Protein chains: 2
Amino acid sequence: MAISANVGEKKNKVRKLEGQPSKNLMAERRRRKRLNDRLSMLRSIVPKISKMDRTSILGDAIDYMKELLEKIHTLREDDNVKDEIKDIKFVGNFKELKPNEALVKKPPKFEVERRNVDTRIEICCAAKPGLLLSTVSTLEALGLDVQQCVISCFSDFSLQASCSEAREHRTILSCEDVKQTLFKTAGYGGRCL
Amino acid sequence: MAISANVGEKKNKVRKLEGQPSKNLMAERRRRKRLNDRLSMLRSIVPKISKMDRTSILGDAIDYMKELLEKIHTLREDDNVKDEIKDIKFVGNFKELKPNEALVKKPPKFEVERRNVDTRIEICCAAKPGLLLSTVSTLEALGLDVQQCVISCFSDFSLQASCSEAREHRTILSCEDVKQTLFKTAGYGGRCL
DNA sequence: CTGTACACGTGATCC
DNA sequence: TGGATCACGTGTACA
């Protein structure tokens, strides 16, 4: 195909020499533009991006699609409750805020509540560097997708969030578990309330 | 760029004339081969093929991926159908929200602006798993302390934050730098705006 | 003859 | 310095 090579000097048609090229030229430019745009779109919806290469983008997209297909199959055939709670173990991996630093002055407020499919979370405690990051990280590790969130860090750290369960943790994770995990994440020891 | 025009026939570097061209030439050939192979693979796993165009293939792949994502979400939510009745009532109050907006492709929005001592950040882009976490993590890494923040992840990912500079050694950061960093963090390539 | 779409070789650019 | 990747303009085949 690419090796149609042979034959050297046909050149039957030399009808250009003038005026013609600009048409085909800009058409080709538009085509390249469209192709690159599509490529960018593809890259923008694929979460795992190893490199910015065109080939890598396509490769990652392919892998991602296979991943999605497999996930769908397991979701379909996996009746239920096959999930482990192993995710909880990863919560502690993040930045270990030392409990010693726990400020005892004012009783912090940690509330977790289920409403329909949503999980309402309300936190108000002493501000601390990295607290927002560790809290968000913990929520993610617990399989809670933040849908809405209002944060204020002026005096105290205040966070009100509405989350949806990313995975099938609803039946396993109790509100109390979430609350205590967040409590520890914020650097407090013992149990909350 | 394309119209760098000037310079007509310089040819400062003519170090080729022999031996060299075949190197770059075949490298380019291999690159094209890989790219086309990837493209064929992508086409082979996408069931819906409208046309054999390169652009169409990418477009179909994108649509298919979105379709898969949506299917996964519906599958997950179907696991717990018990709360749906209440949700229906809830949704009923907000009927004005367009039901089918899946195919709208709008450009993401990344804005960073300095106001006095504060740095205002506004993001609106396609939702992606882990996006909130990576964004917060990036802000922290840039030395920006979130003072106030409103987040919404219902359809797209939307974040409006007001930050203060945490450290002094980062004060050299321009708004543009912050913007581009956030842009890349969100998984986009190239430059924003 | 008019577009559209692809492969090709080459110069430029970035580690 | 090279090796790898990209954008570009062009030739050409197919509708």
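Keep in mind that what you see is a predicted model, and the values were worked out from it rather than measured.

Along chain A, the regular secondary structure elements total five helices and four strands. Reading the helices (α) and strands (β) of chain A from amino to carboxyl end gives α-α-α-β-β-α-β-β-α. When the 193 residues of chain A are sorted by exposure, 37% land in the buried category. Considering only intrachain contacts with a sequence separation of at least 6, the fraction spanning at least 24 residues in chain A is 57%. For chain A, the accessible area works out to roughly 12,300 Å², and carbon and sulfur atoms hold 52% of it.

All told, the structure shown has zero disulfides over all chains when counted by the stated rule. As a non-bridged cysteine, C124 of chain A has C125 of chain A as the owner of its nearest cysteine sulfur, 7.0 Å distant. Looking at C124 of chain A, the relative accessible area reads 31%, which means it is partly exposed. Take C163 of chain B: it sits in no disulfide, and the sulfur closest to it among the cysteines is that of C149 of chain B, at 7.6 Å.

This part covers the packing of helix α4 (residues 131-141) of chain A against helix α4 (residues 131-141) of chain B. Two elements in contact, α4 of chain A and α4 of chain B, have axes separated by 9 Å at closest approach and are oriented at 160°. As far as their axial angle goes, α4 of chain B and α4 of chain A are roughly antiparallel. In the crossing of α4 of chain A with α4 of chain B, the sense of the turn from one axis to the other is left-handed. Contacts between α4 of chain A and α4 of chain B involve L132, L133, V136, S137 and E140 of chain A from the former and L132, L133, V136, S137 and E140 of chain B from the latter.

Now for the pattern of salt bridges. Residues and elements named next belong to chain A. Taken as a whole and judged by the stated rule, the model has 13 salt bridges over all chains. Between K109 and E122 there is a salt bridge whose closest N-O contact spans 3.1 Å. One end of the pair, K109, is in strand β1 (residues 109-115); the other, E122, is in strand β2 (residues 118-125), with 13 residues separating them in the sequence. Through salt bridges with shared partners, one network takes in E28, R31 and R32.

It is worth spelling out the nonpolar core at this point. Grouped together as the largest cluster of nonpolar side chains are 55 residues, with contacts concentrated most on I121 of chain A together with I121 of chain B. Ranked by size, the runner-up nonpolar core spans 27 residues in total, among them A61, Y64 and I72 of chain A together with L68 of chain B.

Let us now look at the pairing of strand β4 (residues 157-165) of chain B. Residue and element names in this part refer to chain B. Counted residue by residue, β4 has seven buried out of nine residues, so it is predominantly covered. For strand β2 (residues 118-125) and β4, the ladder comprises eight bridges, and the chain directions are antiparallel. Looking at the pairing, R120 lines up with S162 of β4. Note that strand β3 (residues 144-152) and β4 share eight bridges and pair antiparallel. Counted as the bridge partner of V146 is C163 from β4.

Turning our eyes to something else, we now look at the protein's contact with DNA strand D. Among the 15 residues in the neighbourhood of DNA strand D, the closest are listed as N24, R29 and R54 of chain A together with R31 and R34 of chain B. Within 4 Å of the protein, the atoms of DNA strand D are drawn from sugar and phosphate moieties in a proportion of 57%. Between DNA strand D and R32 of chain A there is a distance of 3.2 Å, counted from a base nitrogen to a side-chain nitrogen or oxygen. Of all the secondary structure elements, the ones that give two or more residues to the surface near DNA strand D are α1 (21-45) of chain A together with α1 (21-45) of chain B. When residues of the surface near DNA strand D are assigned to their parent elements, the largest contribution, seven residues, is made by α1 of chain A. Each residue belonging to the surface near DNA strand D can be placed in one class, and the counts come to two nonpolar, three polar and 10 charged.

As a further point, take the confidence of the model for chain A. Residues and elements named next belong to chain A. On average, residues of chain A score 72 in pLDDT, and 68% of them reach the 70 mark or higher. Per-residue pLDDT, averaged within each element of chain A, yields its smallest value for helix α3 (residues 87-91) (41) and its largest for α4 (91). Contacts of residues 1-17 to residues separated by more than four positions or lying in other chains number zero contacts, the stretch itself having pLDDT below 50. The low-confidence segment residues 79-105, where pLDDT is below 50, has 32 contacts with residues more than four positions distant or belonging to other chains.

One can find Q148 of chain A in strand β3 (residues 144-152). Looking at Q148 of chain A, the relative accessible area reads 38%, which means it is partly exposed.

How each quantity is defined
- Residues numbered from 1 in each chain as written.
- Chains lettered and ligands numbered in written order.
- Predicted model: local features only at pLDDT ≥ 70, side-chain atom pairs only at ≥ 80, totals over all residues.
- Heavy atoms only, no water.
- Helix = DSSP H or I, 4+ residues; strand = E, 2+ residues; numbered from the N terminus.
- Buried < 20%, exposed > 50% of the residue type's maximum accessible area, 1.4 Å probe, protein only.
- Contact = heavy atoms within 4.5 Å.
- Areas by Shrake-Rupley, 256 points an atom, 1.4 Å probe, with all protein chains shown as cover.
- Disulfide = S-S within 2.5 Å.
- Axes fitted to C-alpha atoms, helices over the stretch in contact; angles between N-to-C directions.
- Parallel < 35°, antiparallel > 145°, perpendicular 65-115°, else oblique.
- Left-handed = near helix turned anticlockwise from the far one by under 90°.
- Salt bridge = Lys/Arg side-chain N within 4 Å of Asp/Glu carboxyl O.
- Core = buried A, V, L, I, M, F, W, Y, C linked by side-chain atoms within 4.5 Å.
- Pairing = 2+ DSSP bridges.
- Near = heavy atom within 4 Å.
- Polar contact = N/O pair within 3.5 Å; in protein donor to acceptor, adjacent residues only side chain to side chain.
- Nonpolar A, V, L, I, M, F, W, Y, C, P; charged D, E, K, R; others polar.
- pLDDT = per-residue confidence, 0-100.

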